[in-house]
Amino acid sequence: MSDSKKILRPDAEGHYSSAAHELDRRALQRFAPGQHPIDSLAAAMGREESRRRFFSRGAQGIGALALASLLSEDAKAAGRENGPLPGLPHFAPKAKRCIYLHLVGAPPQMELYDYKPKMKDWFNKDLPDSIRQGQRLTTMTSGQSRFPIAPSVFKFSQHGKSGAWISELLPKIGSMADDIAIIRSMHTEAINHEPAITFFQTGFMIAGRPCIGSWLSYGLGSMNQDLPSFVVLQAKHNHPRANVQAISARLWSAGFLSGEYSGVSLRSGADPVLFINNPDGVPANVRRAMLDGLGKMNEMNFQRLGDPETKTRISQYEMAFRMQSSVPELTDLSKEPESTWKMYGADAKTPGSFAQSALMARRLAERGVRFVQVYHRGWDVHGLLPEVLPSQCKEVDQPCWALIQDLKQRGMLDDTLVILAGEFGRTIYSQGKLTETDYGRDHHPRCFSLWMAGGGIKGGVVHGETDDFSYNIVNDPVHVRDFQATILQLFGIDHLRFSHKFQGLDVRLTGVEPAAPVKAILA
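Residues numbered from 1 in each chain as written. Predicted model: local features only at pLDDT ≥ 70, side-chain atom pairs only at ≥ 80, totals over all residues. Heavy atoms only, no water.

*Asks:* Would you take a moment to explain unusual backbone geometry for this structure?
*Replies:* Leaving glycine aside, a negative phi is the common case for residues, and trans is the common case for peptide bonds. The omega torsion across L88 and P89 is -5°, close enough to zero to call that bond cis. Checked against the element boundaries, P89 lands in the loop between α5 (73–77) and β1 (97–103). The phi torsion at S470 lies on the positive side, around 50°, for a residue other than glycine. Along the chain, S470 turns up in the loop between β13 (465–466) and β14 (473–475). Overall, the relative accessible area of 0% leaves S470 in the buried class. (Helix = DSSP H or I, 4+ residues; strand = E, 2+ residues; numbered from the N terminus. Buried < 20%, exposed > 50% of the residue type's maximum accessible area, 1.4 Å probe, protein only.)

Below, the structure written as structure tokens:
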């Protein structure tokens, strides 16, 4: 290493030597800005350090997420403003936007979409070893002396042209069976909630990778100027005894992508997005003048260091200024007609409810937000299932139906992908004490169900099949990576050709293991 490089490097605690400071002072005196022989080296090191500081702050501060922007220097360098990366989409997309409804905690598939009538004859009998096949168990049931079969206490009926079996707990969803494609053969490797949800959202079980919404925002850009391209809503649940799993901003992080692609959490109540409103006593014209001055200072910083994230910071501030007008208009539901409230149900007028979140998701999609993520907790039914599950289903049934009908009547369903999914399935055997009226179910990664609609999905399809115990897949398995590849396919993206360089690797959402879109559910 040359002496000049050694002088410029900080010590282990990040302090620079007196020689480095003296060299900097002399440079300011003897050379014009940018003309010193080692300025190019210092600028390169400055870019690296400022980017590291920027991402550190972005990972820890809600404000950095809330001020997500639509324009990055990388995008400008590629010749786009708000548009897609060069070469994207790879082919004509079917979907322009996505509303992803995630049921945190994992609903039991055999109570909702995977009808298993033969289990009635197996009540309180042990799960055969030939079915379990040595599958690993969670610590919550691994100590049980036996694994008694718990048939569903709920009735099923057939719906739509496909004759899809759907539970009595979801009558509204059943009535639109011809609009949705049910996948009954999903499977994953994750057996606990945090890695399972992270896997679904980012393609990796360990936090730190970009989530689906961030990948789409990065690849395809934004469709509007006044709202982020990726918004997150956290819906409340009603039942006081529902088992709740914690979630965090890691699930809507941009990971190693620029912070501008992170999801922006939109809260219910009077202050939907933190830190965008002017402080008391600061009028809009003063804020505008402040932003103009700050923009000039950041531009000077960019000219000095060349860090592209400085441009992102400038656009974040500008986005926040525009959101001062766009967010109040978005969240003002007073102009929605009475027919909307009737469609979504009485809960839609309750701030933070799943019904209001579904309505807000439609309003966001209508205003050009590309990816809307809704999380609804309370689905972790380790016990009290017959008591808790009906309440959970009632909260989502009518709003899901209303969302599909609402999009359809507005001509938006054809290019809006809607997903309702959990992170894994549930065991056919009971966790804890089993009675004829009470039981619980443990985690089960080997098979579970979800549905998709709109945005290029073929309605009226039931894909995949499990065994009589809803324990193993017997036909058409669909892995989480296949699910992710299908989403990208609908947006016109070949998952094998969509990557980002990170730590020397071409990283993809779907990873390096085999994955393929599920063609049977594509229109």
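*Asks:* Can you walk me through a nonpolar patch on the surface in this structure?
*Replies:* On the surface, a nonpolar cluster with roughly 270 Å² of combined accessible area is contributed by F204, M205 and I206. Position of I206 among the secondary structure elements: in the loop between α9 (193–202) and α10 (212–220). (Patch = residues over 30% accessible without salt bridge, like charges linked within 9 Å, V, L, I, M, F, W, Y side chains within 5 Å. Areas by Shrake-Rupley, 256 points an atom, 1.4 Å probe, with all protein chains shown as cover. Salt bridge = Lys/Arg side-chain N within 4 Å of Asp/Glu carboxyl O.)

*Asks:* Explanation requested: the nonpolar core in the structure shown.
*Replies:* Note that soluble globular proteins tend to have their nonpolar side chains buried in a common cluster. Membership of the largest hydrophobic core comes to 64 residues, with the highest contact counts inside it found for L101, Y113, I173, L266, L364 and W451. In this structure, L266 is in contact with V231, V232, L233, P272, V273, V327, L330, M360 and L364, ignoring residues within four places of it in sequence. Among the nonpolar cores identified, the runner-up in size contains 55 residues, and A106, L257, I419 and L450 belong to it. (Core = buried A, V, L, I, M, F, W, Y, C linked by side-chain atoms within 4.5 Å. Contact = heavy atoms within 4.5 Å.)

*Asks:* Got a minute to help me understand the packing of aromatic side chains in this structure?
*Replies:* Under the defined criterion, the tally for this structure stands at 15 aromatic pairs. Both rings, one in Y100 and one in F483, keep their centres 6.1 Å apart while their planes meet at 85°; by these two values the pair is edge-to-face. One end of the pair, Y100, is in strand β1; the other, F483, is in helix α16 (residues 480–490), and 383 residues separate them in sequence. Overall, F483 belongs to the buried group, its relative accessible area being 1%. Ring pairing ties together the aromatic residues W215, Y218, F256, Y261, F498 and F502, which thus form one cluster. A cation over a ring is seen here: R209 above F204, with NZ or CZ 4.2 Å from the ring centre. (Phe/Tyr/Trp six-rings, centres within 6.5 Å; stacked < 30°, edge-to-face > 60°. Lys NZ or Arg CZ within 6 Å of the ring centre and 35° of its normal.)

*Asks:* Would you take a moment to explain the side chain of H444 for this structure?
*Replies:* As for its placement among the helices and strands, H444 is situated in strand β10 (residues 441–444). A relative accessible area of 0% places H444 in the buried class. A polar contact of 2.8 Å, which involves the side chain of H444, links it to the backbone oxygen of Y471. Here H444 is in contact with Q109, Q135, F424, G425, R426, T427, S470 and Y471, once residues within four sequence places are set aside. (Polar contact = N/O pair within 3.5 Å; in protein donor to acceptor, adjacent residues only side chain to side chain.)

*Asks:* For this particular structure, what's the right way to read the pairing of strand β4 (residues 180–187)?
*Replies:* A regular strand carries its side chains on alternate faces of the sheet. Across the eight residues that make up β4, a large majority, seven, are buried. Both β4 and strand β11 (residues 448–453) contribute to a ladder of five bridges, which runs antiparallel. From the neighbouring strand, A181 faces β11, where its bridge partner is M452. Of the strand pairs in this sheet, β4 and strand β12 (residues 461–463) are connected by three bridges, and their pairing is parallel. For I182, the partnering residue across the bridge sits in β12 and is V462. Summarising the sheet, β4 and strand β15 (residues 478–479) pair through two bridges and their orientation is parallel. (Pairing = 2+ DSSP bridges.)

*Asks:* Just checking my understanding: could you explain the pattern of salt bridges for this structure?
*Replies:* A pair can form between side chains of opposite charge whenever their charged atoms are brought close. Under the criterion given, the structure shown has 21 salt bridges. Measuring nitrogen to oxygen at the nearest pair gives 2.8 Å for the salt bridge that ties R362 to E366. Linking R362 with E366, this pair stays in helix α14 (residues 354–366), spanning four residues, or about one helical turn. Taken together, the shared-partner salt bridges connect E329, E336, R362, R363, E366, R367, D406 and R410 into one network.

*Asks:* Please clarify how α16 should be interpreted in this entry.
*Replies:* Spacing of three or four residues puts side chains on the same side of an α-helix, whose turn is 3.6 residues. Most of α16 sits inside the fold, with ten of its eleven residues counted as buried. Regarding α16, the residues found buried are V480, R481, D482, F483, Q484, A485, T486, I487, L488 and L490. A positive backbone phi angle near 80° is found at G492, which sits one or two residues after α16.

*Asks:* What am I meant to see in the environment of R241 here?
*Replies:* For R241, the position within the fold is in the loop between β5 (230–235) and β6 (264–265). C-alpha separation for the pair R241 and L384, spaced 143 residues apart in sequence, amounts to 8.3 Å. Apart from residues no more than four positions distant in its own chain, R241 is found in contact with L384, E387 and V388. A distance of 3.4 Å separates a polar atom in the side chain of R241 from a polar atom in the side chain of E387.

*Asks:* Is there a simple way to think about the packing of α14 against helix α15 (residues 385–409) in this case?
*Replies:* A pair of packed helices is captured by two measures, namely the crossing angle of their axes and the spacing between those axes. Contact pair α14 / α15: the axes reach a minimum separation of 9 Å and the direction vectors enclose 15°. On the basis of their axis angle, the class for α14 and α15 is roughly parallel. Handedness of the α14/α15 crossing: right-handed. Residues F354, A355, A358, L359 and R362 of α14 form the contact with α15, whose own contacting residues are E395, V396, P399, C400, L403, D406 and L407. (Axes fitted to C-alpha atoms, helices over the stretch in contact; angles between N-to-C directions. Parallel < 35°, antiparallel > 145°, perpendicular 65-115°, else oblique. Left-handed = near helix turned anticlockwise from the far one by under 90°.)

*Asks:* Teacher, can you tell me more about empty space enclosed by the protein here?
*Replies:* Rolled over the atoms, a probe sized like a water molecule indicates the empty space that remains. Following the criterion strictly, the structure yields four cavities of 30 Å³ or more and no others. When its volume is computed, the second largest cavity comes out at roughly 60 Å³. Secondary structure elements with two or more residues in the lining of the second largest cavity: β8 (416–421) and β11. Here the lining of the second largest cavity is built from residues that sort into ten nonpolar, two polar and no charged. (1 Å grid on protein atoms, 1.4 Å probe; cavity = no way out; pocket = protein on both sides within 12 Å on 5 of 7 lines; lining within 4 Å. Points joined across faces, edges and corners; volume = space filled by probe spheres on them. Nonpolar A, V, L, I, M, F, W, Y, C, P; charged D, E, K, R; others polar.)

*Asks:* So what exactly am I meant to see when it comes to the pairing of β1 here?
*Replies:* With seven of seven residues buried, β1 lies mostly within the body of the structure. Burial along β1 is two-sided: the face carrying R97, I99, L101 and L103 and the face carrying C98, Y100 and H102 are both buried. In this structure, β1 lies alongside β8, joined through six bridges in parallel fashion. Within the sheet, the bridge partner assigned to L101 lies in β8 and is L420.

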